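So you can see what is in the structure, the chains are spelled out below.
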Amino acid sequence: MDWSHYRFRSLWSLPAPTTAVYEALERAEEYPRWWPQVRAVTRLDDTTGVITIRSVLPYDMTFTARETRRDPASGILEATLSGDIEGRVCWTVTPHGSGSMARYDQVVDVRKPLLRRLAVPGRPLFRANHRLMMRAGRRGLLRYLQAV
């Protein structure tokens, strides 16, 4: 087993139309406004940006996200990641009851040297850190969508 390889899935049930959720998620440069753990997003061009995140544990992760698919009709946003983490991430926004379901899928390998050295003992903490970040992201997006 590669202890630095992760698969994450988060499901966010949101009381907002799929179009509003998708539009919020496609504007990554605005994530720091509503997602506290997304510390910075710097656009490099129309499809690429550098993102810095930090959750509860005292380390930053910086990576480049390059859009590989943007399909509003299907509700799909997909990107490849390189840097402290490498892999792919995909948002899929679908109708759910009277609102939306935003599904977040991430498959990555951690490349940050310190986190690789701590891969075995730190894995449960890293997974918990990710869950906390995703929970805060959902809460932030809820507030953001209500304010728009």
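See above for the structure.
The paragraphs below set out a description of the structure included in this document. Numbers given for residues are sequential positions, taken from 1 along each chain in its written order. Owing to the predicted nature of the model, reporting of local features is limited to residues with pLDDT of at least 70; listing and counting of side-chain atom pairs is limited to 80 or more, with chain, interface and lining totals taken over all residues. Hydrogens and waters are ignored; side-chain quantities use all the structure's heavy atoms.

Salt bridges are identified by distance alone: a Lys or Arg side-chain nitrogen within 4 Å of an Asp or Glu carboxyl oxygen. Taken as a whole and assessed by the stated rule, the structure comprises 12 salt bridges. In this structure, Arg70 and Glu67 form a salt bridge, with 2.6 Å as the shortest nitrogen-oxygen distance. Here Asp71 makes a salt bridge to Arg69, at a shortest N to O gap of 3.2 Å.

Here we take up the pairing of strand 7 (residues 99–110). Working definition: with a 1.4 Å probe on protein chains only, accessible area under 20% of the residue-type maximum means buried, over 50% means exposed, and in between means partly exposed. The numbering of helices and of strands both runs from the N terminus, where a helix is a DSSP run of H or I of at least 4 residues and a strand a run of E of at least 2. Within strand 7, 10 of the 12 residues are buried, which leaves the element mostly enclosed by the surrounding structure. At least two DSSP bridges between two strands are needed for those strands to be called paired. Looking at chain direction, strand 1 (residues 5–14) and strand 7 are connected through 10 bridges and run antiparallel. Residue Trp12 lies in a different strand from strand 7, and its bridge partner there is Ala102. In this sheet, strand 7 lies alongside strand 6 (residues 85–96) in antiparallel orientation, the contact comprising 12 bridges. Its bridge partner lying in strand 7, Cys90 is registered against Asp105.

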